[in-house]
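# Analysis of the macromolecular model
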Amino acid sequence: MAKRTAKRRPRSAIPAATTAPKTKPARKLTSFAALIGIPLVLGAVAYRNSFGVPLIFDDDTTVQLNAHIRTIAGFWQAAFGVPHSALSDRPIPALTFALNFHFGRLDVRGYHAVNLAIHLASGCMLWGLVRRTCLAPRINPAIGSSASWLATVVTTLWLLHPLQTEAVVYITQRTTLLMGFFMLATLYCSARSWTAAGRTSAMWQAMAVASCAAGMASKEDMIAAPILVLLYDATFFADGWLAAWRRRAALYACLFATWILLAAMIYVAPRNPTVGLGEKIRITPWEYLLTQARAIGRYLWLAFWPSPLILAYDWKKTTSLLTVWPQATLIAALLAGTIYGVVRRQWWGWLGACFFLILAPTSSVMPIATELIAERRMYLPLLAIVTPLVIAAAALLRRMSSGFATSFAALVTVGVLVLVYERATEARVIDYRDSLSIWTDTVAKAPDRPESQTNLANAYAEIGNLNAAIEHYQRAIQLNATNSDAFTNLGQIYRQIGRYDLALDMCRRAVTAAPQQTVLHVNLAMALIDLNMMEDALAEANIALGQGPNRADVQNVLGIILARQGRFAEAAVYFRRATELDPSDPRPHYNLGQMILEEHGNGAGSVAPEWIAQAIEQFRAGLAARGDDADGHQRLGRALAMLGDLRSAVAEFEIAARLRPSDQTIQDNIAKLRQAIGTGTTAVSQ
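Residues numbered from 1 in each chain as written. Predicted model: local features only at pLDDT ≥ 70, side-chain atom pairs only at ≥ 80, totals over all residues. Heavy atoms only, no water.

Where helix α19 (residues 435-445) contacts helix α20 (residues 450-462), the two axes come as close as 9 Å, and the packing angle between them is 150°. The orientation of α19 relative to α20 falls into the category roughly antiparallel. In this structure, the crossing between α19 and α20 has a hand that is left-handed. Contact with α19, carried on its side by S435, L436, W439, T440, T442 and V443, involves S452, Q453, N455, L456, A459, Y460 and E462 of α20 and no other residues of that element. Classifying every residue of the contact of α19 with α20 by side-chain character gives six nonpolar, six polar and one charged. (Axes fitted to C-alpha atoms, helices over the stretch in contact; angles between N-to-C directions. Helix = DSSP H or I, 4+ residues; strand = E, 2+ residues; numbered from the N terminus. Parallel < 35°, antiparallel > 145°, perpendicular 65-115°, else oblique. Left-handed = near helix turned anticlockwise from the far one by under 90°. Contact = heavy atoms within 4.5 Å. Nonpolar A, V, L, I, M, F, W, Y, C, P; charged D, E, K, R; others polar.)

To continue, consider the environment of L184. Note on placement: L184 falls in helix α9 (residues 174-194). Residue L184 is classed as buried on the basis of its relative accessible area of 2%. Along the backbone, L184 and G498 are 314 residues apart, and their C-alpha atoms lie at a distance of 56 Å. Those residues in contact with L184 that sit more than four places away from it in its chain are S122, M125, L126, L129, L380 and L383. (Buried < 20%, exposed > 50% of the residue type's maximum accessible area, 1.4 Å probe, protein only.)

Below, the discussion takes up the pattern of salt bridges. On inspection of all chains with the given rule, the structure shows 24 salt bridges. Notably, a salt bridge pairs R587 with D585, separated by 2.8 Å at the nearest N-O pair. For R587, a relative accessible area of 44% gives the class partly exposed. Between E654 and R674 there is a salt bridge whose closest N-O contact spans 2.4 Å. Residue E654 is located in helix α31 (residues 646-659), and its partner R674 is located in helix α32 (residues 664-676); the two are separated by 20 residues in the primary sequence. Classification of R674 by relative accessible area gives partly exposed; the value is 49%. (Salt bridge = Lys/Arg side-chain N within 4 Å of Asp/Glu carboxyl O.)

All right, on to the packing of helix α26 (residues 552-564) against helix α27 (residues 568-581) then. Interhelical geometry of α26 versus α27 gives an angle of 165° and a closest axis separation of 8 Å. Here α27 runs roughly antiparallel to α26, going by the angle between their axes. At the point where α26 passes α27, the crossing takes the left-handed sense. On the side of α26, the interface is formed by A552, Q555, N556, L558, G559, I560, L562 and A563, while α27 contributes F568, E570, A571, Y574, F575, R577, A578 and L581. Looking at the contact of α26 with α27, its residues break down into 11 nonpolar, three polar and two charged.

Attention now goes to the confidence of the model for the chain. Here the chain averages 87 in pLDDT, while 91% of its residues score no lower than 70. Contacts from residues 1-22, a stretch scored under 50 in pLDDT, to residues over four places away or in other chains number one contact. (pLDDT = per-residue confidence, 0-100.)

This brings us to the nonpolar core. Side chains that are nonpolar tend, in soluble globular proteins, to be buried together. Among the nonpolar cores identified, the biggest contains 171 residues, and M183, Y232, W350, F355 and L380 are the most heavily contacted of them. The greatest single-element share of this core, amounting to 10 residues, is contributed by α9. Setting aside residues no more than four positions away along its own chain, F355 makes contact with I296, L300, M378, P381, A384 and I385. Judged by nonpolar contacts, the second largest core, of 23 residues, contains A615, A630, L636 and A656. (Core = buried A, V, L, I, M, F, W, Y, C linked by side-chain atoms within 4.5 Å.)

This next bit is on α32. Residue pairs spaced three or four apart in an α-helix point in one direction, given the helix's 3.6 residues per turn. Taking 1.5 Å per residue, 13 residues should reach 18 Å; α32 reaches 18 Å between its end C-alpha atoms and fits that length. Taken together, the buried positions of α32 are I666, N669, I670, L673 and A676. Down the axis of α32, the buried set is contained in an arc of 135°. They therefore lie on one face. The N-terminus of α32 is capped by D663, whose side-chain oxygen sits 3.0 Å from the backbone nitrogen of T665. (Expected span 1.5 Å × (residues − 1). Arc of directions from axis to C-beta. Polar contact = N/O pair within 3.5 Å; in protein donor to acceptor, adjacent residues only side chain to side chain.)

What follows concerns α26. An ideal rise of 1.5 Å per residue puts 18 Å on 13 residues; α26 measures up with 19 Å between its terminal C-alpha atoms. For α26, the buried fraction is high: 12 of the 13 residues fall into the buried class. The complete set of buried residues in α26 reads A552, D553, V554, Q555, N556, V557, L558, G559, I560, I561, L562 and A563. Packed against the buried residues of α26 are α24 (518-530), α25 (534-547), α27 and α28 (587-599). Downstream of α26 by a residue or two, G566 has a phi angle that is positive, lying close to 80°.

Attention shifts here to the side chain of E287. Within the element layout of this structure, E287 appears in helix α14 (residues 285-304). For E287, the side chain forms a polar contact with the main-chain nitrogen of T284, separated by 3.1 Å. Beyond its immediate sequence surroundings of up to four residues, E287 is in contact with K317, T318 and T319.

The final tally for this structure, using the stated rule, is 20 aromatic pairs. Their ring planes at 10° and their centres at 5.7 Å tell us that W245 and Y252 sit as a pair that is stacked. Residue classification places Y252 among the buried positions, given a relative accessible area of 0%. Members of the aromatic cluster, connected to one another through ring pairs, are W194, Y232, F236, F237 and W350. A cation over a ring is seen here: R174 above F97, with NZ or CZ 4.3 Å from the ring centre. (Phe/Tyr/Trp six-rings, centres within 6.5 Å; stacked < 30°, edge-to-face > 60°. Lys NZ or Arg CZ within 6 Å of the ring centre and 35° of its normal.)

A few words on unusual backbone geometry. Glycine aside, negative phi is the norm for most residues, and most peptide bonds take the trans geometry. Cis geometry marks the peptide bond from S307 to P308; its omega dihedral reads -5°. Along the chain, P308 falls in the loop between α14 and α15 (325-343). Of note in the backbone geometry, F57 takes a positive phi value of approximately 50° without being a glycine. For F57, the position within the fold is in the loop between α1 (16-46) and α2 (59-64). Overall, F57 belongs to the partly exposed group, its relative accessible area being 25%. Positive phi values are uncommon outside glycine, yet D89 reaches one of about 55°.

For A244, the position within the fold is in helix α12 (residues 241-247). Ignoring any residue separated from it by four or fewer positions in sequence, one finds A244 in contact with L230, D233, A234, A238 and Y252.

Now for a nonpolar patch on the surface. A cluster of nonpolar side chains, contributed by W241, L335, I339 and V343, occupies part of the molecular surface with about 370 Å² of accessible area. The element contributing the most residues to the nonpolar patch is α15, with three residues. Here W241 lies in helix α12. (Patch = residues over 30% accessible without salt bridge, like charges linked within 9 Å, V, L, I, M, F, W, Y side chains within 5 Å. Areas by Shrake-Rupley, 256 points an atom, 1.4 Å probe, with all protein chains shown as cover.)

Right, here's the structure in full:
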């Protein structure tokens, strides 16, 4: 029998047993990517209609009217040089807005894209934090075996919950989104550092401190972060608070040191008078506490049943404990349970601490008494409700049979809940599709809030429905006889329809309601100009100049008065000064261009081409500051027609028509210009 010899294995051949360990990490990474991708994709789908949501509330002062974000370097002034601003002492959000403007100017799609990206990035951090927490030493191993799936369910429900919509689609609330992201990043990086060693651990600790500092520079609610990290460590990883502190003293010293950064920013930035309690707010600390008991009760209800959602609540202060005893009893019980859970180092105690400590700045430490309730404040605290519900449901399933039927029932239940949340969030985003839609929804749910009536009137005015606008302005005044915004805007409507006497009355009542507001004196001066009461207008303009010598609108109105008096050289100085003070305001450019045409006209409407060219230069400069301005395109169109460039004039009027489709004068001018192209006439309506 021939002797068999073993064949030599080719050098390139690798035994199957040695390939498995090398492909396992790749499969694990792919599995993680799939699980974390589920909530991200669903979140992106739910908010896909948010990119066209218009500016609401103080988005105009944060973005559209904020001259400081016109340059990237100006973000520092936006954060520390502007009083009454949503960006005050918040340089990180201010920087992101400056970058948004740099790359996309005033296109709201870019701002919404960044907000949604931050929301989804927070979902990534949350997924990693929940998974790592489920694998922590002091957590039941049965929970750890389902860590990735639990993280996916928690993240999905948190991202899709309809209660989150206000924080995501209200552009200015990027401050809340960034604070939430950096809070989660601080917790996640800290947890990663505790399971790493050497330089890797130091790297994660440095990232945790950097995240904590960035959060402090985003919103004051971040003040809770160092405490929550310490409690998190003691609850899930260390053998107690003292053990956690001793083991990681350097980390905690750095985390708590970020409070110094927060205090310094608050000290340097102009104080917002709406924050805190005082004589002007007209609510005592006790009343605010009782009112917040009702508000927290409302938050808890919306976490379980998110309907109805209201952008701006008509939330009256509470003066008696008897009216809120059910909510107060519930909150006291939850707070007592949280304290017990924290002392006993239970996971649910830490979640309770998250709920109360993150809400504390707006509910007690730094109260905002002019906005007693806001759904966006539940952005992060919602975690403390979603997470225990998911864990409790998982525990219930483990107690039941682990067969296919149970798993299938769990999958269907989660799927139905996700579908309901996704559809509800989509529907709520659609409510924000335009100003008229969201304020109609808000007034229908909270009709007695004068500010909401005013905003609804503004929305009607924007689309040219002046009768409806007047009706809601008058309703706002009925609800609040000192509503200076309603008086002012109603005065603008009366000016628009030629009722200058009523406009003057409204502007005077606005000044009486709030004499310290410089802009109201400017508006009154404009109303007086309409009635050719120049001496009175100049007196009001001088009052405004005394209150705000470096305001562009004050310089602009002084220029208008002087131009009306024929003092063109002096007027030009004020107009140019206004353009320097606020490069984003097109009105001084328009007024200067119009003055050039009037100054150099020959009385019969004829102006030399060189002066028309100078006027056109000013109109173009105004449009460069704000291109979506129908008035500017009309002015430029008229000047081009005077110069004989009729086709370019038609193009400008067509742009104005797209921006203001209900304006019949624009349509008439387009028709006249098209008719005149063949004849050489240049007549357009004024």
